[in-house]
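The chain contents come next:
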Amino acid sequence: MARVELRNLRKIYPGNIEAVKNANLTVEDREFVVLVGPSGCGKSTTLRMIAGLEEISEGEIHIGDTLVNDVPPKDRDIAMVFQNYALYPHMTVYKNMAFGLMLRKYPKAEIKKRVHEAAEILGITDLLDRRPKALSGGQRQRVAVGRAIVRQPKVFLFDEPLSNLDAKLRVQMRAEISKLHNRLQSTMIYVTHDQVEAMTMGDRIVVMLNGVIQQVDAPLDLYHKPVNKFVAEFIGSPPMNILGGELFGQNGDMRFRAAAGAVDLCVPASMRERLGSYAGKKILCGIRPEDLSENETQIVHPGTSIEAPIEVVEPMGSEIYLYLNVGGQSVTARIKADREPKEGVPHVLDVNMENVHFFDPDTELTVV
């Protein structure tokens, strides 16, 4: 297996459209790294440059000790799994998996051994004589992964491989790919727009926006310590609530007020020093839905509670999502499913102030 390193990588399309801007990233040997971000953020373009399917405008890509900028895709010792599976419809599963090895003129015995080993790992041994049209979406995805496994490459690249599957199958395949990584102990780079996939699969996650790497971190560090407002909102489901307001007071008593006075919260002492320069100024406050809990007495506690009418109730089985109108700003709460909140009725929620985040309104960088 191998380390992958991107140095000052850029991709500029005709018309001076910069899809990837000065990307620097090191994927360690045997690491599982996920590139995540909204559509058009540059994640798939980055992956395709690593694969050699997209020309590099500037910068360097190293796989192991080799600079591969001018190395053809077939000689980079990588294997890629595509979103659309890219299987040959006229070939059996066996031949689809064996085709790359046949082109490289591997001995038939070696090809047979590798294909059967991969098929056993993926649980598709009984499908080897079928053609793709006779397979379900999940089975086709396993064949595509199997075709990559038989290559025994230095690096596996996955480009949104689960996006065509239904929700239940996505969860199952997510676990299968994670188990595959643990079994093969290989270097894997995985692209997705789904932050749940990213959080559950990656050793580290690379969050991208507009071609720029925003943050590279372990999943829980991204969740608890986002570097800016975009990362804070993108990681977590439902997304973090962002309230625009002002800070009042100083170290002794600092309060965050927003939504025309509907929000008046006491800032914890542990945060006041770092927020001192924002006293009397505008600031953004981020509160995750799970940090809004139902006040069982429905009595407002000044400084730690908010009261607002419920606009929508979404029962999710084990929990309930509440969408509230807080002084004209929409706020989402995630509460236990043992309650029966009613739409249109004012509701009191307690805020876990120790977990709130504050962002500079101009730079959108995290302050606390």
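Note that the structure is predicted; figures quoted are calculated from it, not measured. (Residues numbered from 1 in each chain as written. Predicted model: local features only at pLDDT ≥ 70, side-chain atom pairs only at ≥ 80, totals over all residues. Heavy atoms only, no water.)

Trainee: Account for the overall build of the protein chain, with residues named and values stated.
Mentor: The helix and strand inventory of the protein chain stands at nine helices and 20 strands. Its C-alpha atoms put the protein chain at 75 × 45 × 35 Å along the principal axes. Across the 368 residues of the protein chain, 48% fall into the buried class. Taken as a whole, the protein chain presents about 17,400 Å² of accessible surface, with 49% of it coming from carbon and sulfur. Charge separation in the protein chain, taken as the distance between the mean sites of 44 positive and 48 negative side-chain charges, equals 9 Å. (Helix = DSSP H or I, 4+ residues; strand = E, 2+ residues; numbered from the N terminus. Buried < 20%, exposed > 50% of the residue type's maximum accessible area, 1.4 Å probe, protein only. Areas by Shrake-Rupley, 256 points an atom, 1.4 Å probe, with all protein chains shown as cover. Lys, Arg positive; Asp, Glu negative; His and termini not counted. Charge placed at Lys NZ, Arg CZ, Asp CG, Glu CD.)

Trainee: So what's going on with the packing of helix α4 (residues 137–151) against helix α5 (residues 167–184)? Which residues, and what values?
Mentor: Orientation of α4 relative to α5, taken along the N-to-C sense of each, is 20°, at an axis distance of 11 Å. Between α4 and α5, the interaxial angle falls into the category roughly parallel. As α4 runs across α5, the sense of the crossing is right-handed. For the pair α4 and α5, contact is made by G137, G138, Q141, R142, V145 and I149 and by L169, Q172, M173, E176, L180 and L184, respectively. (Axes fitted to C-alpha atoms, helices over the stretch in contact; angles between N-to-C directions. Parallel < 35°, antiparallel > 145°, perpendicular 65-115°, else oblique. Left-handed = near helix turned anticlockwise from the far one by under 90°. Contact = heavy atoms within 4.5 Å.)

Trainee: Summarise the pairing of strand β2 (residues 17–27); cite the residues concerned and give the values.
Mentor: Note: strand β1 (residues 4–13) against β2, seven bridges, orientation antiparallel. Its bridge partner being in β2, K11 is matched across the sheet by V20. In this antiparallel pair of consecutive strands, β1 and β2, the connection spans three residues, and G15 shows a positive phi of 90°. (Pairing = 2+ DSSP bridges.)

Trainee: Can you lay out the pattern of salt bridges for me, pointing to particular residues and giving the numbers?
Mentor: Under the counting rule described, the total for this entry stands at 19 salt bridges. For E5, the salt bridge goes to R7, with nearest N and O atoms at 3.2 Å. Judged by its relative accessible area of 17%, E5 is buried. Residue R7 is classed as partly exposed on the basis of its relative accessible area, which comes to 33%. Three or more residues joined by partner-sharing salt bridges are found here, namely R3, E5, R7, E28 and E60. (Salt bridge = Lys/Arg side-chain N within 4 Å of Asp/Glu carboxyl O.)

Trainee: Mind laying out the packing of aromatic side chains, listing which residues take part and the relevant values?
Mentor: Evaluation of the coordinates by the stated rule reveals six aromatic pairs. For the ring pair Y88 and F99, a centre distance of 5.1 Å and an interplane angle of 65° mean the geometry is edge-to-face. Of this pair, Y88 sits in the loop between β6 (78–81) and α2 (93–103) while F99 sits in helix α2, and the two are eleven residues apart along the sequence. Ring geometry for F256 and F358: centres 5.8 Å apart, planes at 70°, overall edge-to-face. Residue F256 is located in strand β12 (residues 254–258), and its partner F358 is located in strand β20 (residues 357–359); the two are separated by 102 residues in the primary sequence. Across the pair, F358 and F256 agree in class, each one buried. Chaining the aromatic ring pairs together yields one cluster made of F32, F156, F158 and Y190. Here R257 stacks its cationic end above the ring of F248, 4.9 Å away from the centre of that ring. Lying across the ring of Y223, R288 places its NZ or CZ 4.1 Å from the centre. (Phe/Tyr/Trp six-rings, centres within 6.5 Å; stacked < 30°, edge-to-face > 60°. Lys NZ or Arg CZ within 6 Å of the ring centre and 35° of its normal.)

Trainee: Can you explain α2? Please cite residues and give values.
Mentor: Taken together, the buried positions of α2 are V93, N96, M97, A98, G100 and L101. For α2, the elements touching its buried residues are α3 (108–122) and α4. Just downstream of α2 lies K105, where phi reads positive at about 60°.

Trainee: Can you explain the sheet that holds strand β10 (residues 212–217)? Please cite residues and give values.
Mentor: In spatial order, the strands read β6-β7-β8-β3-β9-β10; together these six strands make up an open sheet with mixed pairing. Each having just a single partner strand, β6 and β10 make up the two edges of the open sheet. Pairwise comparison of adjacent strand axes, ignoring direction, gives a mean angle of 15° for this sheet. Relative to strand β9 (residues 204–209), strand β3 (residues 32–36) runs parallel, the two sharing four bridges. By the bridge assignment for β9, V36 is matched with V207.

Trainee: Describe the environment of R272, naming the residues involved and giving the relevant values.
Mentor: By secondary structure assignment, the location of R272 is in helix α9 (residues 269–275). As for R272 and S237, which are separated by 35 residues in sequence, their C-alpha atoms are 28 Å apart.

Trainee: Can you lay out the layout of surface pockets for me, pointing to particular residues and giving the numbers?
Mentor: Counted as a void, the largest pocket has a volume near 550 Å³. Lining the largest pocket are 21 residues, and of these M80, F82, R104, R147 and R151 sit closest to its centre. Of all the elements in the fold, those that place two or more residues in the lining of the largest pocket are β6, α2 and α4. Broken down by element, the residue count for the lining of the largest pocket peaks at six residues, all from α2. (1 Å grid on protein atoms, 1.4 Å probe; cavity = no way out; pocket = protein on both sides within 12 Å on 5 of 7 lines; lining within 4 Å. Points joined across faces, edges and corners; volume = space filled by probe spheres on them.)

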